[in-house]
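If you want the building blocks of each chain, they are given just below.
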Amino acid sequence: MAIIRVDHVDKSFPTRHGTISIMQDIAFEVKDADFLAIVGPSGCGKSTLLRLIQGLDRPTSGAIYFRDQKVEAVAQGMAMVFQNFALFPWLTVSENVAFGLEALGWESDRIASHVERYISVTGLDGFEEAYPREISGGMRQRVGLARALAVEPAVLLMDEPFSALDALTAEGLREEVLQLWRDPNLPPEAVILVTHNIEEAIQLADRVVVLSRRPGHVLAEVPVDLPRPRDRKSGPFYELTDRVYSLITEGGVPPPPPGSSSPSAS
Amino acid sequence: MTEPSLLSSTSTGTGRTGPDRPRAFPSGLAVALYAGIPLVTVTAAAAGGGLSAVGVAGYLPRASTDLLYSFLRMLAAYALSLGFSLAYGYYAATHRGGERVMIPVLDILQSVPILGFFPIVIVVFVNLTGPGSFLGPNLASVFLIFTSMAWNMVFGVYESVRSIPNDLREAAETFRSRGWLRFRRVLFPATVNRLVYNSVLSWTGGWFFLVEAEIFTTNSSSHTALPGIGSLLSFSAANGNGSEFVAGVLLLVAVIVLLDFGVWRPLGRWADRFRYDQSPSGEGEVVGVRNASGRLRRAASYVTRGVRTGVTRISTPFVQLATIRLRPARRPGQERGVVLYYVSLGAILVLSWLILIALVVAAYQVLSGPISGEVRAQMLQVPLALGASIGRVAAAYAICLAIALPLAILLARRARLARLGLPVIEVVASFPATALFPLIVFGLVRYLSEQGVALLLLLTGMIWYLFFNLLAGVRSLAPDLEEAARSYGVRGRGFLRRVLLPSLFPALVTGSITAFGGGWNTLIVAEYLNVNSSHSLSVLGIGQMIDLGYTEPNGLPLMVTALLTLVAGVIAINELLWKPLYRRAVERYRYD
Amino acid sequence: MATTYPKCNPTEMLGLLVLLNDHKGSEDVARLADDLDLEIDEIFPALEYAELLQFVRVTDGRATFTDLGRKLVAASIRERKSIVREQLRRTPLFRTILRALEANPEHRLTDEEFGHIIAFTTARTDGAEQNIVNWGRYADLFRYDADSHLICPARHPAYRKGAGGRSPPSSPGAESPGESRAPAPTPESSRGPGSAVAVV
C-alpha cells in the first residue's frame, strides 16, 4: 500500500511580479519500508514539496494522500527534521524531545519514558539537561531526530538535515541515521529525504526522485538496488550518481561538482 | 556589547508576519488622525469649561508666542545634541578605548531618571545665573531636553559608523581622505540615515519631556514658571479656561504635523539615498526607487517606523547597561578580555566616585544646614513615599502589560488589523501625552480619584515603550521555530503559551526596563500638580516629595533627599531585578 | 600519542572513521581530506582525537585503523558510547578531571576549577572547555548543569529536586555491559538529606 501518494500536485505563489510556478504535475508514491530521496537543483521546490506532504502548506492543485486520506492540515503520523535544527533555545534537550509528545496530550510518565528511550536510541545520553546552545551541530540534529522519532511517526520527513553540518559531522550522523533506519524496532515505516547532495541520496535511499529546475517536475524515479552498507567507491555507485547527474543536467542546470558539499537554497 | 539587532524591528528574513516593507500610509489618514486629538480635547474642554470658537481664536496669538518659546528650546537642545552626538559618537566608534569606556559611562548617565533631576537642575542654573533671570530655567530645560535627546543619537552615530562596510572604510584610507573630506565623504553619509531616524525619535521624546518640564514649573512656588506651551496648557486647564486650552492643543498639533510633513518626511526621503541596502528580504527594497509613489510611500513609512523602532532603540542603552556585570561570566570558555574589562571598569568606577563625592559634598551642605520642622517631618516620609511610588509604577506597569501584550500579539500576527491599527498607534504615540496631562488632572480628578489620575498619567508615559518592544519581539519570532511548532501540531493557545510567549521574554524584559524608566520619568508630574490650589493633585510618592521640596520655601533638603532616594531605588531595582532578568533572557531565550 | 584536545565533537570524529572505512581502513590523510573537498587542517582535529583515543594510527601521513577503530565503526550507536568512554578515561586530561571530581568533597567542579584543569593540558581556545564538557557528556563520564555551572559525576541525582545523597542510578536503555560509573559513590556520614543537593 502506498503510505504517501502525491497526486499531480502543482504549487505556485503569487508575488508582486505575477504568479510564480514552483512545481508542476508532481506525482509519485511512497510505500511501506521505502526510503525515498528527492533531489534536484536549487529552487526546484523540493523543500516546499516536503511541506506540502506534511500539510504545512496546501498545493495549488492536485492533492496528497496519507494512508489514502487527503492531507488537509498538518498530519499526525508524520514528523519533520529541519535543516537548521529548529530547537527551542529555552528548552533542554529532554524538553525539546518531548515537545511533540506534549502536544499529543499524553501523561507525563508516558512522555518521560518515551523521551528517555529516544534520547538513548539517538545517542544523546548525558545531554538530557543540556541546552541547545551548549551542544554542537551534530548533537543538535540528533535532538531534532529524537524529537521526530519520539512521536513515532509513520513517515519521517527530512529537509536537508545534514547540510548545516560540516562534512565530517555529516558523515558520522548519516551513518547513525542509517543504523536507526535499519533497526526494525524503531519507527518510522518510511522516510522521505530531501537533499541537494546526490551521493548522500544514493547512499541512503532505496529510490531517488529527480526533480527538474523550476518549475519542478519529476524527471525520473531512479531505483537504488545496491545492498547496504553501500560502497561509495564501487562501480555501480558511480554509475548511479552519474545517471542522476546527467538527468539533472539534461534538465538544464549544471550539477554541482562531484563530492561537493556546498549547500544551496532550495 | 549586546547586539542591538535583538531589539531593532528590522525584518528577520522572510517573516510571514510581514517585515518592514514600506506600507502605503495615506497622508490623508495621518492628518485625520492628528485632527482627532484636538477633537477629543475640544469635547472634553467643552464639557468642562466654557468654550467658543471666537474665544479659541482669540487665544491663538498668545499661544503662538508660547509655543515659539518651546520650539526654540527644542531647537537649541537639538542643535546641541546633534553636535555632541556627532563628535562623541564618531570618537567612540573610531577609537578602541572609546567603546570600552565611553559607552558604558553614557549608559550609566542615561539610566538615571532624567526628569527627576529637573528640579535640581533648575535650582542649580538659577543659582548660577541669579534669581529672577530668565536664563536659569531656560538653560535648565534646554539641558534637560539635551540629555534626553543626546544619548540615543550618540548610539545611532556610533552604531552606524561601526557598521560602515570595511571596503568603504579602506577605500577612504587608500585615497588618503583625511579630516573634513573624510567626514563629508565617508563618515557623514554613513550616519545621516540613522541620524534622521533618531532625530524623529528624539523630537518625539523631547516634546514629551519639554511639555512635562514646563508643566512642572507652573507649580505654585517661589520659582517662576517657564513661558511655553506646557505652562499655557497647565494654567488654562487649572483656571478652567477651555478655549485657551484648546487653542494651545491645536497649535501644538499643528506644529507637530508641520514638522512631520515639512521636515522629517522630506529629510527621510533625502537620507534614504545614503542607505547601504542591507535588507535581507530584498524584494521591493530597491534603493533609489524612481517612481514618486514609491518614494512617498517609503518616506511616510519612514517616519512612522521612526517612532516605532526608535522606541525600541531606546532600549539599547538600558540593555547594554544591564549586561555590564560586576564579575565576568561564569561559563566555560567565557573569560577572554577580562583584563581589558577590568581596566575599563576601573576607569568608570573612578569617574563615578568623583561624581559621587561631589554629589555627597553638595548634599551634605544642603542637609547640614538648618531644616525647618515641617520639612524634616516630610523628609522622614521619604522612604514610605518611595515605596508608594514603586507600587504605583508597578501597578501602572501591570495595566500596561495587560493592554500591550495582547495588542502587540494581535497587531503583529494579523496583517489586516495591523494595517489600520499600527498607524493609529504610531500617531498617538508620537504626540506628547504630557500635553494632555493638565486636562486629565484638572478635568478628570472629579471622576477618578487622585490615585486613579496618577495611575492614568503614569500609564501614558509607560505604555508605548512596552508596546513597541513587544511588537518587535513578536515580529522577530524565528520562522524556523514557528514552522517547527506547527509541524508538531502546536497551535492556538498551546502555541501562545509554549512558543510565542517564551520567545518574547527578551523583548518583554527590555520593554519592561524602558517602561519603568518612562514611569520614573513621569513621576514628578504624575504625583503632584498644584497650580492654583483650586484643583490639585497630590498623592504620596517620591515624585510628590521632589515637587514639594521644589515648591515649598526652604524645601531644598527635602528635594535632595527625595531625589537621592529615587536614584537609589532605581539603581537597586536595576541591579536586583532587571540585570539578572536580562542576563537570563539573553542566555536562555535567544535563538541564534 | 597526541596530547592536544582540539575542538572537535564525537560525531565529527566518527565521521572521519566512517570515511576511513570507505577507504578500506587505510589511506593518505591528504586523500581523505580531498574526498570531502576539505583542507587537510580541517580534518586534523578529528584525526587527532581519533589518534588520542587509539582508533587510528598515523604514520608518514597515512592513517590506518586500529582494531579498536574498526570495532568502533562496526558498533551500534550505544556501543560506540561505551567504547569512547573507556578510551577517554585513559587520556591524561580526563583522568585528571575524574580524579578531581572524586577528590572534591562534594564531587562537583566549578567552571573555574574545570578551567584550570584544562588550562594545564590544552590551549585555551574559544569553546575548548565547552567541547571537553560535551565529550564527557557524550561518554557519560560526567554531567554539566548549565544553571548552576557545575560539573557533576555521571548520573548524579544531585540536580534533581528533593534528592539527597546518592542512590544507585537507573540505567534506562543502556545496553553496554560493565558500564561503570565514575567516580564511585562514597558515604556521606555527616550529611543530612538535602544538604548536599546542588542548587537547581
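Residues numbered from 1 in each chain as written. Chains lettered and ligands numbered in written order. Predicted model: local features only at pLDDT ≥ 70, side-chain atom pairs only at ≥ 80, totals over all residues.

Chemist: Would you explain the packing of helix α8 (residues 229-238) of chain B against helix α15 (residues 437-444) of chain B in this entry?
Modeler: For any two helices packed against each other, the geometry comes down to the angle between their axes and how far apart the axes lie. All names here are of chain B. The contact between α8 and α15 brings their axes to 8 Å, and the two run at 15°. Relative to α15, the element α8 lies roughly parallel. Note that α8 runs across α15; the crossing there is right-handed. When α8 is examined against α15, the residues L233, S234, A237 and A238 are found in contact with a partner set consisting of P438, L439, F442 and G443. Class assignment for the residues of the contact of α8 with α15 results in six nonpolar, two polar and no charged. (Axes fitted to C-alpha atoms, helices over the stretch in contact; angles between N-to-C directions. Helix = DSSP H or I, 4+ residues; strand = E, 2+ residues; numbered from the N terminus. Parallel < 35°, antiparallel > 145°, perpendicular 65-115°, else oblique. Left-handed = near helix turned anticlockwise from the far one by under 90°. Contact = placed C-beta atoms within 7 Å. Nonpolar A, V, L, I, M, F, W, Y, C, P; charged D, E, K, R; others polar.)

Chemist: Where do I start with the confidence of the model for chain C in this structure?
Modeler: Should the pLDDT be low somewhere, the predicted coordinates at that spot are not to be read in detail. Residues and elements named next belong to chain C. With 72% of its residues at a pLDDT of 70 or more, chain C shows a mean pLDDT of 75. Strand β6 (residues 150-153) is the least confidently modelled element of chain C, averaging 80 in pLDDT, while helix α4 (residues 67-74) averages 95, the highest of any element. Long-range and interchain partners of residues 156-200, a stretch whose pLDDT sits below 50, account for 67 contacts in this model, where long-range means more than four residues apart. (pLDDT = per-residue confidence, 0-100.)

Chemist: Before we go on, may I ask you to explain the packing of helix α2 (residues 93-104) of chain A against helix α4 (residues 137-150) of chain A in this structure?
Modeler: Residue and element names in this part refer to chain A. At a closest axis distance of 7 Å, the pairing of α2 and α4 adopts a crossing angle of 30°. Judged by the twist between their axes, the crossing of α2 over α4 is right-handed. Residue-level inspection shows V93, N96, V97, F99, G100 and L101 of α2 in contact with α4, the latter providing V143, A146, R147 and A150. Classifying every residue of the contact of α2 with α4 gives seven nonpolar, two polar and one charged.

Chemist: Is there a simple way to explain the sheet that holds strand β4 (residues 61-66) of chain A in this structure?
Modeler: What links the strands of a sheet is backbone hydrogen bonding, and the strands pair in either a parallel or an antiparallel sense. Residues and elements named next belong to chain A. Spatially, the four strands line up as an open sheet ordered β2-β1-β4-β5, and their pairing is antiparallel. Edge positions in the open sheet fall to β2 (18-31) and β5 (69-70), since each of these has one partner strand only. In terms of strand pairing, strand β1 (residues 2-15) meets β2 through 10 bridges, oriented antiparallel. Within β2, the residue paired with R5 across the bridge is E29. Along the sheet, helix α1 (residues 46-54) contacts β1, β2 and β4; its crossing angle with β1, the most-contacted strand, is approximately 120°. (Pairing = 2+ DSSP bridges.)

Chemist: Sorry, what's going on with the domain arrangement of chain C here?
Modeler: Many analyses report the size of an interface as the accessible area lost when the parts associate. All names here are of chain C. Each assigned domain of chain C is listed with its residue range as follows: domain 1 (10-74) and domain 2 (81-159). If you look at the interface, domain 1 gives six residues, while domain 2 gives seven residues. Split by residue class, the side of domain 1 that touches domain 2 holds four nonpolar, one polar and one charged. (Domains from an automatic or database assignment.)

Chemist: So what exactly am I meant to see when it comes to the confidence of the model for chain B here?
Modeler: Looking at chain B as a whole, the pLDDT averages 74, with 70% of positions reaching at least 70. Counted against residues more than four places away or in other chains, residues 1-26 of chain B, with its pLDDT under 50, gives 60 contacts.

Chemist: Mind showing me how you'd approach the interface of chain A and chain C here?
Modeler: Each partner contributes residues to the interface: chain A has 31 residues there, and chain C has 32 residues. Listing elements by their share of the side of chain A that touches chain C, those giving two or more residues are α3 (108-121), α4 and α5 (167-182) of chain A. In terms of residue count, α5 of chain A provides more of the side of chain A that touches chain C than any other element does, 10 residues in total. Taken together, the residues that form the side of chain A that touches chain C break down as nine nonpolar, 11 polar and 11 charged.

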